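Summary of the model geometry
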Amino acid sequence: MKKPLLTIIAVIAVILATYLADRATRQPHRIGVTRAATPDASAPVPQVTLEDLEGKSISMAQYQGKVVLVNFWATWCDPCRVEIPWLIEMQQKYSARGFTVLGIAMDEEGAKVVTPFVNKERFDVNGAKAQMNYPIVIGDDAAADKFGGLLGYPTSILVSRDGKIIKRITGIISYEEIAKAIESQL
């Protein structure tokens, strides 16, 4: 009788310890905007050059005069997949007014996993299936560091027409808030 009781108490103690350790170390999950350190509004966007999915060099200087939402993401990132349809919609809605999303894929395997993902995946955008319609480049830790480092994926940075960082968002963007910020720059 004592042995089963001790076993039950030990199991309960392990479960309780696991629960308390998980609770103590868990990061809160927030849908919406989580801000990292807000950059100075006059901070210039870093001048980085990365390769697109076809191996062509793309630099931030090429986007001078446009409002750019730089979006660090990865194919395996579930919050990124939630956000992609919104980015597609923003690209459709604002591109004619001098706006673009620039997706920086941070997959360690690079173009060999990103290219098939971009070519194959379709996302529900206002009831229609749509492919990613904005430029995608392959990023790395050096590029992320130039943008102030990443605390997680997705991370989005809004850049004004004159190349200044306006807003930094770590986590899923709030569609309404980022649309308002984009519109204020157009």
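Keep in mind it's a predicted model, so treat the numbers as computed, not measured.

From N to C terminus, the chain includes five helices and nine strands. Taken from N to C terminus, the helices and strands of the chain fall in the order α-β-β-β-α-β-α-β-β-β-α-β-β-α. The burial tally for the chain puts 45% of its 186 residues in the buried class. At a minimum sequence separation of 6, the contacts of the chain that also span at least 24 residues come to 73%.

Here we take up the packing of helix α2 (residues 78-94) against helix α5 (residues 175-185). The N-to-C vectors of α2 and α5 enclose an angle of 25°; their axes lie 12 Å apart at closest approach. When the axes of α2 and α5 are compared, the pair comes out roughly parallel. The handedness of the crossing between α2 and α5 comes out as right-handed. The residues of α5 that touch α2, namely those facing Trp 86, Glu 89, Met 90, Lys 93 and Tyr 94, are Tyr 175, Ile 178, Ala 179, Ile 182 and Glu 183. The residue makeup of the contact of α2 with α5, split by class, is seven nonpolar, no polar and three charged.

Formed by 32 residues in total, the largest nonpolar core has its most connected members in Trp 73, Met 90, Met 132 and Ile 178. When contributions to this core are tallied by element, the ones reaching two or more residues are β3 (67-73), α2, β4 (99-105), α3 (111-120), β5 (123-125), β7 (136-138) and α5. Here this core takes six residues from α2, the largest share from any one element. In contact with Ile 178, other than residues within four places in its own chain, are Leu 69, Met 90, Leu 158, Lys 167, Ile 169 and Ile 173.

Interpretation of the predicted coordinates at a detailed level should be avoided for regions scoring low in pLDDT. Confidence along the chain averages 85 in pLDDT terms, with 87% of residues attaining 70 or more. Overall, residues 27-40 carries pLDDT values under 50, and its contacts beyond four positions in sequence, including any with other chains, amount to 22 contacts.

Turning our attention to the pattern of salt bridges. Taken as a whole, this structure holds four salt bridges when the rule is applied. Glu 183 serves as the salt-bridge partner of Lys 93, at 4.0 Å between the closest nitrogen and oxygen. Of this pair, Lys 93 sits in helix α2 while Glu 183 sits in helix α5; the two residues are 90 residues apart in sequence, bridging distant segments of the chain. Two residues, Glu 121 and Lys 120, come together in a salt bridge whose shortest N-O distance is 3.5 Å. Residue classification places Glu 121 among the buried residues on the basis of a relative accessible area of 19%. Lys 120 sits in the exposed class, given a relative accessible area of 60%.

So, on to the sheet that holds β7. Ordered in space as β2-β1-β7-β4-β3-β8-β9, the seven strands form an open sheet in which the pairing is mixed. Two strands close off the open sheet at either side, each with one partner strand: β2 (57-59) and β9 (165-170). Here the strands of the sheet are splayed against their neighbours by 30° on average, with no regard to which way each runs. Note: strand β1 (residues 49-52) against β2, three bridges, orientation antiparallel. Within the sheet, the bridge partner assigned to Thr 49 lies in β2 and is Ser 59. Relative to the sheet, α3 contacts β3, β4 and β7, its axis offset from that of β7 by approximately 165°. α5 contacts β3, β4, β8 (155-159) and β9 of the sheet and is inclined by roughly 170° relative to β9.

On the surface, Glu 108, Glu 109, Asp 140, Asp 141 and Asp 145 cluster together to form a negatively charged patch. Looking at the element boundaries, Asp 141 is found in helix α4 (residues 141-146).

Next up on the list: empty space enclosed by the protein. The tally for this structure, following the rule as stated, stands at two cavities of 30 Å³ or more. In this structure, the largest cavity occupies an estimated 50 Å³ of space. At the level of elements, β2 and β4 are the ones that each hand at least two residues to the lining of the largest cavity. The class makeup of the residues in the lining of the largest cavity is eight nonpolar, one polar and no charged. Around the second largest cavity sit Val 45, Met 60, Tyr 63, Gln 64, Lys 66, Val 68, Val 159, Ser 160, Arg 161 and Gly 163, which together line it. A breakdown of the residues in the lining of the second largest cavity according to their chemical character gives five nonpolar, three polar and two charged.

Rules behind the numbers
Residues numbered from 1 in each chain as written. Predicted model: local features only at pLDDT ≥ 70, side-chain atom pairs only at ≥ 80, totals over all residues. Heavy atoms only, no water. Helix = DSSP H or I, 4+ residues; strand = E, 2+ residues; numbered from the N terminus. Buried < 20%, exposed > 50% of the residue type's maximum accessible area, 1.4 Å probe, protein only. Contact = heavy atoms within 4.5 Å. Axes fitted to C-alpha atoms, helices over the stretch in contact; angles between N-to-C directions. Parallel < 35°, antiparallel > 145°, perpendicular 65-115°, else oblique. Left-handed = near helix turned anticlockwise from the far one by under 90°. Nonpolar A, V, L, I, M, F, W, Y, C, P; charged D, E, K, R; others polar. Core = buried A, V, L, I, M, F, W, Y, C linked by side-chain atoms within 4.5 Å. pLDDT = per-residue confidence, 0-100. Salt bridge = Lys/Arg side-chain N within 4 Å of Asp/Glu carboxyl O. Pairing = 2+ DSSP bridges. Patch = residues over 30% accessible without salt bridge, like charges linked within 9 Å, V, L, I, M, F, W, Y side chains within 5 Å. Areas by Shrake-Rupley, 256 points an atom, 1.4 Å probe, with all protein chains shown as cover. Lys, Arg positive; Asp, Glu negative; His and termini not counted. Charge placed at Lys NZ, Arg CZ, Asp CG, Glu CD. 1 Å grid on protein atoms, 1.4 Å probe; cavity = no way out; pocket = protein on both sides within 12 Å on 5 of 7 lines; lining within 4 Å. Points joined across faces, edges and corners; volume = space filled by probe spheres on them.

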